[in-house]
Each structure stands twice: as structure tokens, then as C-alpha cells.
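As a plain string of letters, each chain reads:
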Amino acid sequence: SVEQQSPETYRRMFADSNARWAAWVAKRMEQPGVVFVAVGTGHLIGRDSVHQRLTERGFEPVRVS
């Protein structure tokens, strides 16, 4: 995995990025209206995923296919 091969790359590309995305989505959800966020597969898996970060913030992300 990227995380095992290059922890720093993983942190920058996924963990940090996903945390920022989740923070942005949480902030945006404070405003009225509908929010749709398209996220690539690599950001939806694992303990640092956008999905996990939003769940930790009390949201219930839903997959739309």
C-alpha cells in the first residue's frame, strides 16, 4: 500500500487531504441548501477516508451510484 511504501506521501495525499475535505464539507453543511461532493475511490477507503472523517464529525455519508 502507499501508506506502507511511503508514509509521508500517504499522509499528504490522503490523510491530510481527506481531513481538510471533511472540515470543508462540515463547514458547508452549516449553510442552507443541498451539497453534493464527488470523491474519487482512493479517498473513500481506510481509516483516513473522507467517509470516516465525516462519520467522526457526526455525519452519515451516503454512497450514490
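Note that the structure is predicted; figures quoted are calculated from it, not measured.

Conventions adopted
- Residues numbered from 1 in each chain as written.
- Predicted model: local features only at pLDDT ≥ 70, side-chain atom pairs only at ≥ 80, totals over all residues.
- Heavy atoms only, no water.
- Helix = DSSP H or I, 4+ residues; strand = E, 2+ residues; numbered from the N terminus.
- Polar contact = N/O pair within 3.5 Å; in protein donor to acceptor, adjacent residues only side chain to side chain.
- Contact = heavy atoms within 4.5 Å.
- Salt bridge = Lys/Arg side-chain N within 4 Å of Asp/Glu carboxyl O.
- Buried < 20%, exposed > 50% of the residue type's maximum accessible area, 1.4 Å probe, protein only.
- Expected span 1.5 Å × (residues − 1).
- Bend = angle between axes of the 7 residues up to and from the residue.

(A) Molecular detail of the side chain of S49. Within the secondary structure, S49 sits in the loop between α2 (7-28) and α3 (50-56). For S49, the side chain forms a polar contact with the main-chain oxygen of G46, separated by 3.2 Å. Once residues lying within four places of it in the same chain are set aside, the contact partners of S49 are N18, H43 and L44.

(B) Looking closely at the pattern of salt bridges. Scanning the model with the defined rule gives eight salt bridges in all. Here R12 makes a salt bridge to E8, at a shortest N to O gap of 2.9 Å. Taken together, the positions of R12 and E8, both in helix α2 and four residues apart, correspond to about one turn of that helix. What makes R12 exposed here is its relative accessible area of 55%.

(C) Here's a closer look at α2. The terminal C-alpha atoms of α2 lie 30 Å apart, and with 22 residues this matches the ideal 32 Å at 1.5 Å per residue to within 8%. Of all the bends in α2, the greatest, near 30 degrees, is centred on S17. For α2, the full list of buried residues reads Y10, F14, A15, S17, N18, A22, V25 and A26. Contact partners of the buried residues in α2: α1 (2-5) and α3.

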